[in-house]
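# Structural characterization, general
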2 protein chains.
Amino acid sequence: MQFTEFRAGDTGAWRIEQIKGVIGETLPNAERLEVLEGEGFSNTFQKGWRLKGFTSNTRYTSRREADSMAALQEGLGRPNATRAALIPIRKNEAWWALAQDERRAIFEEQSHHIDIGLKYLPAIARRLYHCRDLGEPFDFLTWFEYTPEDAAAFEVLVAQLRSIPEWRFVEREVDIRLSR
Amino acid sequence: MQFTEFRAGDTGAWRIEQIKGVIGETLPNAERLEVLEGEGFSNTFQKGWRLKGFTSNTRYTSRREADSMAALQEGLGRPNATRAALIPIRKNEAWWALAQDERRAIFEEQSHHIDIGLKYLPAIARRLYHCRDLGEPFDFLTWFEYTPEDAAAFEVLVAQLRSIPEWRFVEREVDIRLSR
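Residues numbered from 1 in each chain as written. Chains lettered and ligands numbered in written order. Predicted model: local features only at pLDDT ≥ 70, side-chain atom pairs only at ≥ 80, totals over all residues. Heavy atoms only, no water.

Let us now look at unusual backbone geometry. In terms of backbone geometry, most residues other than glycine have negative phi values and most peptide bonds are trans. The linkage connecting Leu121 of chain A with the following residue, Pro122 of chain A, adopts the cis geometry, with an omega of 0°. Within the chain, His112 of chain B stands out as a residue other than glycine whose phi angle is a positive 55°. In this fold, His112 of chain B is placed in the loop between α3 (100-110) and α4 (113-119). With a relative accessible area of 38%, His112 of chain B lands in the partly exposed category. (Helix = DSSP H or I, 4+ residues; strand = E, 2+ residues; numbered from the N terminus. Buried < 20%, exposed > 50% of the residue type's maximum accessible area, 1.4 Å probe, protein only.)

A separate point is the pattern of salt bridges. Scanning all chains against the criterion turns up 34 salt bridges over all chains. The salt bridge involving Arg177 of chain B is made with Glu155 of chain B; its shortest N-O contact spans 2.6 Å. On the criterion of sequence distance, the pair formed by Arg177 of chain B in strand β8 (residues 170-179) and Glu155 of chain B in helix α5 (residues 151-162) is long-range, its members being 22 residues apart. Judged by its relative accessible area of 13%, Arg177 of chain B falls in the buried class. With relative accessibility at 38%, the residue Glu155 of chain B sits in the partly exposed group. Via salt bridges that share partners, Glu155, Arg162, Glu173, Asp175 and Arg177 of chain A belong to a single interconnected network. (Salt bridge = Lys/Arg side-chain N within 4 Å of Asp/Glu carboxyl O.)

A few words now on the side chain of Arg103 of chain B. Along the chain, Arg103 of chain B falls in helix α3. Within the buried core, Arg103 of chain B has no salt-bridge partner, and the shortest N-O distance to an opposite charge, that of Glu102 of chain B, equals 6.9 Å. Side chain to side chain, Arg103 of chain B and Tyr60 of chain B meet in a polar contact 2.9 Å long. There is a polar contact of 3.1 Å between the side chain of Arg103 of chain B and the backbone oxygen of Leu98 of chain B. Excluding residues that lie within four positions of it along the chain, Arg103 of chain B makes contacts with Asn57 and Thr58 of chain A together with Tyr60, Trp95 and Leu98 of chain B. (Lys, Arg positive; Asp, Glu negative; His and termini not counted. Polar contact = N/O pair within 3.5 Å; in protein donor to acceptor, adjacent residues only side chain to side chain. Contact = heavy atoms within 4.5 Å.)

In structure tokens, the structure reads:
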């Protein structure tokens, strides 16, 4: 299948500006980040760290929300979007023990996760990768791209997300900022 | 991570009684089925076929439904449950393009998928494995175990499931019956 692998080390199109542990253990510093997409990757990679995930169907988004996002969002790779963030998170066991209706209620009705993200479209492009089911150290990797002019707006977005009820279930979060 | 792999070939604890293509392409016949759980499996396996998947959090089940199931269900491996079925299915692109609320409405409010299964607990034990995100030929593998006395009830269960609106989105289904 198609995985996306994020490799931090000496090479890659993105320069790592900062790696910060927000909740729990951080990740080691590195110079560059490479983003690879494909079927499988060699295990000979030694230096630095690597995280992988896959895109999948939406898990909480309603039709109305999906249509709003589709109408507004822009793709990754815009030439002027020279800033990026990679934010791996892991949620705790209490979250994963919740039923679907309970997770949805916390995610949107209480936390407005989707509505918050919608306010920053199309400026902040975003892609979610799942990795919990791969036995990775994180549950999700979210990749954001934006222009230098939208960097301040991005800070507001991440601060808002960290204040919502859903975030009380986050037990590990690392914030990696990049530029190219 | 922990995958479960189903290997059909010459060996394994389960004898394959029948393999039937219900919708779309079937799977090749084989004598025995081995069920392996673990981190990774050798690629030297040659004869027969193999399917793998992982258990995950529930995707549609409400708290009320989850509690009802937990109160009633029994585990796999009951000594007298000497009959089993492995039913791999793949849903079509129209299903996966639906939003979460649309999939839930078809799955339960229109199709009563969970409520149908509840009627057969604890007699028919069941475990769902996900595999779409692994790039496997199916999206889900469901494993059922029951006693010879409950075999007729199991036929009613699968017939009911094949008649619900959700099943109109199934584009491939194979029905594998086993005994030990």
